[in-house]
Amino acid sequence: MTSELLQQVRVINPVSGTDQIADVLIADGYIRSVANSIYDVPNDTQIRDCRGMVLGTGLVDLYSYSGEPGFEERETLKSLLQAAAAGGFTRVNILPNTSPPIDNPAVVASLLSRRGAGGQGSRGSLTPSPHLHIWGALTQDFAGKQMTELADLAAAGVVGFTDSQPWENLLLVRRVLEYIQPLRKPVAFWCCDRQLMANGVMREGTDSIRFGLPGTPPSAETSAITALLELVVATGTPVHIMRVSTARSVELIAAAKASGLPITASTTWMHLLIDTKAIKSYNTALRLEPPLGNPSDRAALRRGVQTGVIDAIAIDHAPYSYEEKTVAFAEAPPGAIGFELALPLLWQHLVESGEYTASELWKALSTNPAMCLQQKTSEIAPGAKAELTLFDPQHSWKVEQQNLHTLSSNTPWLGQQLQGRVVQIWC
């Protein structure tokens with residue numbers, strides 16, 4: 001038997017809603033005991049003083065990009081899983097936008113066969129590797145003209161279905177919603193009208209005028225959300241709305257939930273932390289899709305997560321090489337890395353500031369994403385499997401390429417000193 005005793009750690013359990021200081025005994029992959037003090041432990045138990053540290057249920061990322069297959073210079077599955085482990089994530093769900101795309105069972109089988117490639121990172125004993133799950137594509141080559149063989153992909157083991165990009169053919173979306181019902185798998189949509197978006201590269205408003213960059217109006221998102229909600233009314237099929245980024249979108253989703261529509265929603269961690277004012281630096285790591293919101297959008301998204309209108313916080317990790325991002329802001333591919341940065345920055349800006357409780361943040365990063373995916377949630381209780389994240393909110397470190405497990409470094413926090421780092425995961 002291998003066992004560890006975490007002494008006087010702050011235990012955050014979103015399932016029970018508790019936040020307490022306790023001893024936690026872990027043995028052979030299971031939580032054996034949670035108590036004020038634990039003295040009766042097996043021989044050779046590793047005892048760790050965890051005062052000041054936080055132990056929570058394992059973090060779950062709803063959706064992120066993998067470079068592999070096709071763009072291994074950006075990220076491999078091994079580096080992605082190492083980065084996720086270093087960020088406290090015990091489950092990772094990768095999007096189908098690879099090359100070749102994940103639109104047939106053969107690609108699914110190939111990726112799932114490699115999912116044990118995470119292993120131990122270079123920075124410490126962040127083992128084991130997170131669980132890897134895969135989204136299957138809704139349409140062939142993401143062309144939006146013909147559905148993939150959804151039943152075959154479901155049988156191959158995909159976690160759910162999404163094209164992870166805007167759609168134009170509403171008739172096909174309706175057919176997808178009708179066809180997918182018997183499969184009982186999550187289906188996720190990024191709602192954006194490309195025609196209304198036009199050539200926008202940041203959110204429309206006074207800042208876009210000031211910075212001289214083409215703006216994307218909020219209606220590019222809200223009109224697409226409205227259309228999708230009408231199709232949910234018509235079909236009754238549950239959907240997940242990805243990448244919510246505007247205040248008006250939060251209002252639409254709140255009203256839809258109040259009327260009983262079967263929907264869940266997520267925003268990304270960067271949309272909660274920064275807004276259009278940061279783009280004055282023209283840092284291409286701030287070029288995102290959907291674009292960063294105006295200050296009012298950011299405030300509404302924070303309230304939406306806190307109240308549960310927005311169910312979950314996604315990382316949407318999108319690695320790009322230095323060469324790809326070292327261009328003019330408007331020409332840069334949209335996306336930023338996030339696995340190793342999200343928890344420290346969210347904790348610092350939302351929990352340490354007193355805006356969120358620790359349980360509110362942890363729920364949005366852990367149990368709620370699992371529920372959106374129709375997965376079983378982890379819990380910190382005697383007898384439960386140990387799917388856990390140990391976090392030291394006082395650990396100071398500098399964001400540099402040599403300190404990151406991801407192969408890419410496209411983040412606006414590069415070169416900055418952060419406080420808070422994951423110590424270990426169990427899964």
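Residues numbered from 1 in each chain as written. Predicted model: local features only at pLDDT ≥ 70, side-chain atom pairs only at ≥ 80, totals over all residues. Heavy atoms only, no water.

Going by the annotation in an unreviewed UniProt entry, the name recorded for the chain is Dihydroorotase, with Iningainema tapete BLCC-T55 given as the source organism.

1. Comments concerning the overall build of the chain
In terms of regular secondary structure, the chain is built from 14 helices and 17 strands. Taking 2.2 N^0.38 as the reference for a compact globule, 427 residues should give roughly 22 Å; the C-alpha atoms of the chain span a radius of gyration of 21 Å, in line with that estimate. Across its three principal axes, the chain shows a C-alpha extent of roughly 65 × 50 × 45 Å. Out of the 427 residues belonging to the chain, those deemed buried represent 58%. Sequence-distant contacts in the chain: of pairs separated by 6 or more residues, those separated by 24 or more amount to 74%. Accessible area of the chain: about 16,600 Å², with a carbon and sulfur share of 50%. (Helix = DSSP H or I, 4+ residues; strand = E, 2+ residues; numbered from the N terminus. Rg over C-alpha atoms; globule rule 2.2 N^0.38 Å. Buried < 20%, exposed > 50% of the residue type's maximum accessible area, 1.4 Å probe, protein only. Contact = heavy atoms within 4.5 Å. Areas by Shrake-Rupley, 256 points an atom, 1.4 Å probe, with all protein chains shown as cover.)

2. Some remarks on unusual backbone geometry
A negative phi angle characterises most non-glycine residues, just as the trans form characterises most peptide bonds. In this model, Ser99 is joined to Pro100 through a cis peptide bond whose omega is 5 degrees. The peptide bond linking Glu289 to Pro290 adopts the cis configuration, its omega dihedral lying at -5 degrees. Structurally, Pro290 can be placed in the loop between helix H9 (269–273) and helix H10 (295–307). Phi angles above zero are rare outside glycine, and Gln8 is one such case at about 50 degrees.

3. Observations regarding the sheet that holds strand E7 (residues 89–94)
Ordered in space as E6-E7-E8-E9, the four strands form an open sheet in which the pairing is parallel. Only two strands of the sheet have a single neighbouring strand rather than two, namely strand E6 (59–64) and strand E9 (160–161). Pairing of E7 with strand E8 (residues 131–136), which is carried by four bridges, proceeds in the parallel orientation. Looking at E8, one finds that Asn93 is bridged to His133. In the packing of helix H1 (residues 77–86) onto the sheet, the strands contacted are E7 and E8, and the crossing angle to E7 comes to about 140 degrees. (Pairing = 2+ DSSP bridges. Axes fitted to C-alpha atoms, helices over the stretch in contact; angles between N-to-C directions.)

4. Examining the nonpolar core
The biggest cluster of nonpolar side chains holds 95 residues, and the ones touching the most others in it are Ile241, Trp269 and Leu346. No other element matches helix H12 (residues 342–351), which puts seven residues into this core. With residues up to four places along the chain from it excluded, the contact list for Trp269 reads Ile313, Ala314, Ile315, Ile337, Gly338, Leu341, Ala342, Leu345, Leu346 and Trp413. With 17 residues, the next largest nonpolar core counts Tyr63, Ala220, Cys372 and Leu373 among its residues. (Core = buried A, V, L, I, M, F, W, Y, C linked by side-chain atoms within 4.5 Å.)

5. Digging into the state of the cysteines
All chains considered together, the criterion is met by zero disulfides. Free of any disulfide, Cys50 has its nearest neighbouring cysteine sulfur in Cys427, separated by 18 Å. Cys191 takes part in no disulfide bond, and the closest cysteine sulfur, belonging to Cys192, lies 9.0 Å away. (Disulfide = S-S within 2.5 Å.)

6. Quick look at the pattern of salt bridges
Oppositely charged side chains can pair when the atoms bearing their charge come close. Tallying each qualifying case throughout the model produces 16 salt bridges. With a closest N to O distance of 2.5 Å, Asp207 and Arg210 form a salt bridge. Residue Asp207 and its partner Arg210 are located together in helix H6 (residues 206–211), separated by three residues, close to a single helical turn. Accessibility expressed as a relative area gives 2% for Asp207, which makes it buried. (Salt bridge = Lys/Arg side-chain N within 4 Å of Asp/Glu carboxyl O.)

7. Section: the pairing of strand E13 (residues 239–242)
The side-chain alternation of E13 yields two buried faces, one formed by Val239 and Ile241 and the other by His240 and Met242. By the bridge criterion, three bridges tie strand E10 (residues 188–190) to E13 in an arrangement that is parallel. Bridged to Ala188 within E13 is His240. For the segment spanning E13, helix H8 (residues 247–258) and strand E14 (residues 263–268), crossover handedness is right-handed. (Right-handed = clockwise from strand over helix to strand, strands pointing away.)

8. Observations concerning the sheet that holds E13
Read across the open sheet, the four strands follow the order E10-E13-E14-E15; overall the sheet is parallel. Both edges of this open sheet fall to E10 and strand E15 (312–314), since each of them pairs with a single strand only. When strand polarity is set aside, the average angle formed by the axes of neighbouring strands in this sheet is 30 degrees.

9. A look at the packing of helix H4 (residues 170–179) against helix H7 (residues 219–235)
At a minimum axis separation of 10 Å, H4 and H7 run at an interaxial angle of 40 degrees. Between H4 and H7, the angle is such that the two are oblique. Crossing handedness for the pair H4 and H7: right-handed. Two secondary-structure elements touch here, H4 through Leu170, Val173, Arg174, Leu177 and Glu178 and H7 through Ala227, Leu228, Leu231, Val232, Ala234 and Thr235. When grouped by side-chain class, the residues that make up the contact of H4 with H7 number eight nonpolar, one polar and two charged. (Parallel < 35°, antiparallel > 145°, perpendicular 65-115°, else oblique. Left-handed = near helix turned anticlockwise from the far one by under 90°. Nonpolar A, V, L, I, M, F, W, Y, C, P; charged D, E, K, R; others polar.)

10. Some words on the packing of aromatic side chains
Scanning the entire structure with this criterion turns up six aromatic pairs. Taken together, a centroid distance of 6.2 Å and an interplanar angle of 85 degrees make the contact between Trp347 and Trp362 edge-to-face. Of the two residues, Trp347 sits in helix H12 while Trp362 sits in helix H13 (residues 358–365), which places them 15 residues apart along the sequence. Judged by relative accessible area, Trp347 falls into the buried class, the value being 3%. For Trp362, a relative accessible area of 0% translates into the label buried. (Phe/Tyr/Trp six-rings, centres within 6.5 Å; stacked < 30°, edge-to-face > 60°.)

11. A word on the pairing of strand E17 (residues 417–426)
Taken across its ten residues, E17 has seven buried, putting it largely inside the fold. Where strand E16 (residues 388–398) meets E17, eight bridges bridge the pair, whose relative direction is antiparallel. Paired with Ser396 across the bridge in E17 is Gln419.

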